[in-house]
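Okay, here's what each chain looks like letter by letter:
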Amino acid sequence: MAVSKRMVLPVVGVLLGLLMLFPIYMMLISSLRSETTVFDFQLLPVEFEWSNFKTAWTESGLPRAILNSLFVSVTVTVVAMVFHAMSGYALARLNFPGKSVVFGWMLSTLMVPFSIIMLPLYLITKDLGLGNSYWGLIVPSIFNAYGIFLFRQFYRDFPKELEEAAYMEGLSLAGTFFRIAFPLSVPIIVPLTIGFFLANWNSYLWPLVITQDEKLWVVQQELAHIVGGGYFTPWNIVLAAAVIAAIPTFILFFIAQRYLVEGIKMSGIK
Amino acid sequence: MTPKRISARTRNEWVTAYGFLLPNIVGLLVFVFIPIIYAFYASLHDWNALSPKVYAGWANYRELLHDDEWWASVRKTLTFSVVYVPLLFMSSLLSAVMLNAIRGRASGVVRTMFLMPFAITSVISAIIGMFMLDPRNGAVNHILELLGGSPQQFLASTSQAMFSIAGVILWINVGYNMIIFLSAMKEIPRDYYEAAEIDGATGWKSFRYITLPLLKETSTFILIVTTIGSFQALEQILVMTDGGPMNSTQVSVLYIFKQGFDMLNMGYASALAFVLFLIIFCLSLFQLKLLSSKKEGV
C-alpha cells in the first residue's frame, strides 16, 4: 500500500500541473493556427502558421511598447534597489533620532492600496508636470516600503566585523555601505530585482492612467488595445502578440525560478 | 577631546542615515502619503476636474449612501471576494499538502508547473481567459461538451461573468500562495508527525491536529492579503468585461475608476475611494494585530 501511495501522489500532482499549464499551452498552440481554425480543439494544429508572429509584430505597436516596458521596468528596478537598500541599511545599522518613527511610518504606507490612491496619485503626478511622460511612468513606481523592509531584515543579520574593519580603515559610513555592504547584498538583491522587474513589466493600470500618448504605451497597454481596441483583430494574431509579450517573463521565470521561490517565501514570512 | 570625537561620529551617523532615507521619505510622502490626504481633501469638494473645486462638506459622502450603483458595486465586490478568497485558500492549501507529500524530483517538476501561470501577466491571463471561455468556440465549452455538459455563456452571462473572472485570477495566483503554505509546512518539525504516528494519528488526523494549527499564522496572512487583494481586482475585469455585461462585474474599484477617469467626477470618486480605503485599512490593522499578538504569544 505504501508503494502505491508513493506512486499515486506524483501522478496526481503532474496531472493537476498539466491542468495548470493547459491554458498556456492553448495560447501557444492557438497562436500558430490560421484565423479560421484558431478555435479548433485538437492538441496539435494541422499546419503551423508562423507568419502570425510576423503579423503581430509588424502590424501593431508591440515593438515600441516592449522597448518602453523594458526601459521603464529596468530603470525603476535599478533605482529602487539602490534607494531601498540605502534606507534598509540606515534602518538596520545606523543610529539616529526618530528611527522607529520613520520605520513605522514607512511600514504604514504598505497599508495604502494602489487602486485606492490611483486617482489622487494621477492628479499629483500631473500637477508635478510628470503626466504623459516617461518620468510619470517611472518615478511613482520606485517608492515602495516593501523593498525597504526586506533590505532592513537582511542587513540586520549582516556580519558586523566587515563594516567595523572598513570604518577603521577610514572609509566613511556611506563608503562602507556602497563599497562593502551593498555589493555583498546579492542574496537579497536578486529575488527583489526579479520581483520588481516582473511587477513593473505587469504594470497596466498606472500606465493606462498616466499616459495618453500612444508612443508611451507599455506592453500591457498595447496588448489590451490589440484585444479590445474596437477594431476586430483575429484571435490567432491576438494570441501571437500575447506569446511575444510573455517571452521575457517566461525566460526570467526559467532562469530565476529558484530566486523567485525565495522571494515568495520571504513575502509570506514577513 | 574624547566626547567631542564621539559626538562628531554620532552626528555623522545621523547625517548619513537621513541622507540614506531621504529619497524614500520624499518619494513615499509625495506618491503614497499625500495622495491619501489629497483624496480626503478632494472628497469634500464638488469638482469635475475642469472647473475649480467648490467646498461641499460631506455632500459626496451623503450622496454615496443613496447611490444605488455604488451599493451594487459593493455587492459585486463582496460576491467576488466570497467566491474567490475561500477558493484560492483551499486550492493553494490542498496543493501545498499534496506537494509536501511528494518526494524527490517529481516535487520540483510539479512545483514549477503550478508556479508557471504566475509568470503570466494579468492582461495576458485576461486574454487567455477570453479565448478559452468564448461562448461559441472556447476550449472550456469543448471540454464541457466532451464531459456531457452543455455549453455556457461565461463572460457574456450576467450570472457567470464574475465567477469566470474569479477563475482566471485564481489560476494565476494559486502557485504563489501554494509556495507560501509549502514553506510554512516545511518548517514544521518531522518529530511532531512521528510522535503523532506512534499515537496512531496519520493522514487526515495529523493534518487536522498538527499541520492546520501550526499554519494558523500563515493562513491568517494569506486570508487577509487575499481578501484585500480581492477588493481591488481590476485589471482582468477592465480587459475581459469592462464591468459588463449589464454592470454585472462592475466592482467598487471599477466604479471609482469610471467616476474619476471617465465621468471626471473627481470629488465624488475621491469620496468613494476614501470609503473603500477605510474598509481596507481596518482589515490591514486587524491583520497587523493578529500577527503581532501571535508573535507575543509564542
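Computed from a prediction, not measured in an experiment: that's the story for all the values here. (Residues numbered from 1 in each chain as written. Chains lettered and ligands numbered in written order. Predicted model: local features only at pLDDT ≥ 70, side-chain atom pairs only at ≥ 80, totals over all residues. Heavy atoms only, no water.)

**Observations concerning the overall build of chain A**
Rule in force here: Per the convention used, a helix needs a DSSP run of H or I reaching at least four residues, while a strand needs a run of E reaching at least two, with both numbered from the N terminus. Here the globule rule reads 2.2 Å times residues to the power 0.38, and the radius of gyration is calculated from C-alpha atoms. Residue burial is assigned from relative accessible area. The probe radius is 1.4 Å, only protein chains are included, and a residue is buried under 20% of its type maximum, exposed over 50%, and partly exposed in between. Every residue pair with non-hydrogen atoms within 4.5 Å of one another is taken to be in contact. A 1.4 Å probe and the Shrake-Rupley method give the accessible areas. Residues count as covered only by the protein chains that appear here.
Looking only at helices and strands, chain A has 13 helices and 0 strands in total. Overall, chain A shows an N-to-C arrangement of helices and strands of α-α-α-α-α-α-α-α-α-α-α-α-α. The C-alpha atoms of chain A give a radius of gyration of 23 Å, which is well past the 18 Å a tight globule of 270 residues would have. Overall, the C-alpha framework of chain A stretches about 70 × 65 × 35 Å when taken along its three principal axes. Within chain A, buried positions represent 54% of all 270 residues. When contacts within chain A are restricted to residue pairs at least 6 apart in sequence, long-range pairs at least 24 apart make up 73% of them. Summing over all exposed atoms, chain A offers an accessible surface of approximately 12,500 Å²; the carbon and sulfur share of this is 67%.

**Topic: the pattern of salt bridges**
Residues and elements named next belong to chain A. Quick reminder of the rule: Any Lys or Arg side-chain nitrogen located within 4 Å of an Asp or Glu carboxyl oxygen qualifies as a salt bridge.
Summed over the entire model, instances satisfying the criterion amount to 3 salt bridges over all chains. With its nearest N and O atoms 2.8 Å apart, the salt bridge here joins Arg93 to Glu163. A residue pair is termed long-range when its members are at least 10 positions apart, and Arg93 in helix H3 (residues 62-93) and Glu163 in helix H8 (residues 160-168) qualify at 70 residues. Like Glu163, Arg93 is buried. Between Lys265 and Glu262 there is a salt bridge; the shortest N-O distance is 3.8 Å. In this pair, Lys265 and Glu262 are both assigned in helix H13 (residues 235-269), 3 residues apart and thus about one turn of the helix distant. On the basis of relative accessible area, Lys265 is assigned to the partly exposed category, the value being 27%.

**Notes on the environment of Phe40 of chain B**
Here Phe40 of chain B lies in helix H1 (residues 2-43). Apart from residues lying up to four places away in sequence, Phe40 of chain B is in contact with Trp58, Tyr61 and Phe274 of chain B.

**Re the side chain of Ser34 of chain A**
In this fold, Ser34 of chain A is placed in the loop between helix H1 (2-30) and helix H2 (51-58). Among the residues examined, Ser34 of chain A registers a relative accessible area of 17% and is labelled buried.

**Some thoughts on the packing of aromatic side chains**
Here is the rule: In this scheme Phe, Tyr and Trp rings, the latter by its six-membered ring, pair at centre separations within 6.5 Å, and the angle between planes marks the pair as stacked below 30 degrees, edge-to-face above 60, and tilted otherwise. Criterion for a charge above a ring: Lys NZ or Arg CZ within 6 Å of the ring centre, and within 35 degrees of the ring normal.
Inspection of every chain in the model, using the stated rule, returns 37 aromatic pairs over all chains. A ring pair is formed by Phe178 of chain A and Phe20 of chain B, whose centres lie 5.9 Å apart and whose planes are at 75°; its orientation type is edge-to-face. Here Phe20 of chain B lies in helix H1 and Phe178 of chain A lies in helix H9 (residues 173-181), a pairing that spans two chains. Judged by relative accessible area, which is 40%, Phe178 of chain A ranks as partly exposed. Look at Phe197 of chain A and Trp201 of chain A: their rings are 5.9 Å apart centre to centre, the planes differ by 25°, and that puts the pair in the stacked class. Highlighted residues: Phe197 of chain A and Trp201 of chain A, both in helix H10 (residues 186-202), separated by 4 residues, approximately one helical turn. Here Phe197 of chain A falls in the buried class, since its relative accessible area comes to 14%. Residue Trp201 of chain A is classed as buried on the basis of its relative accessible area, which comes to 0%. Chaining the aromatic ring pairs together yields one cluster made of Tyr89, Phe151, Phe154, Tyr155, Phe158, Phe177, Phe178 and Phe182 of chain A together with Phe20 of chain B. Here Arg152 of chain A stacks its cationic end above the ring of Phe103 of chain A, 3.9 Å away from the centre of that ring.

**Structural notes on the environment of Ile29 of chain A**
Residues and elements named next belong to chain A. Residue placement: Ile29 occurs in helix H1. Between the C-alpha atom of Ile29 and that of Pro45, which follows or precedes it by 16 residues, the distance is 7.1 Å. With near-sequence residues (within four places) excluded, Ile29 lies in contact with Leu43, Leu44 and Pro45.

**Focus: a nonpolar patch on the surface**
Selection criterion: For patch building, the residue pool is restricted to those with more than 30% relative accessible area and no salt bridge; the joining distance is 9 Å between like charges and 5 Å between nonpolar side chains (Val, Leu, Ile, Met, Phe, Trp, Tyr).
Taken together, the side chains of Tyr25, Leu43, Leu44, Phe48 and Trp50 of chain A define a hydrophobic patch exposed on the protein surface, amounting to about 580 Å² of accessible area. Look at Tyr25 of chain A and you get partly exposed, because its relative accessible area is 32%.

**Concerning empty space enclosed by the protein**
Residues and elements named next belong to chain A. Spelled out, the test is: Whether a set of points on the 1 Å grid over the protein atoms alone is a cavity depends on a 1.4 Å probe fitting there but being unable to get out, while an open set qualifies as a pocket with protein on both sides within 12 Å along at least five of seven lines; lining residues are those with an atom within 4 Å of a point. Grid points are joined across faces, edges and corners, and a volume is the space filled by probe spheres set on the points. Residues are grouped as follows: nonpolar covers Ala, Val, Leu, Ile, Met, Phe, Trp, Tyr, Cys and Pro; charged covers Asp, Glu, Lys and Arg; every other residue, Gly included, is treated as polar.
Within this structure, the stated rule accounts for 1 cavity of 30 Å³ or more. For the largest cavity, the calculated volume is near 70 Å³. For the lining of the largest cavity, the secondary structure elements donating two or more residues are H3, helix H6 (134-142) and helix H11 (205-210). Considering every element that reaches the lining of the largest cavity, the biggest residue donor is H3, with 3 residues. Considered class by class, the residues forming the lining of the largest cavity number 5 nonpolar, 5 polar and no charged.

Purely geometric stuff here, so don't read any function into it on its own.
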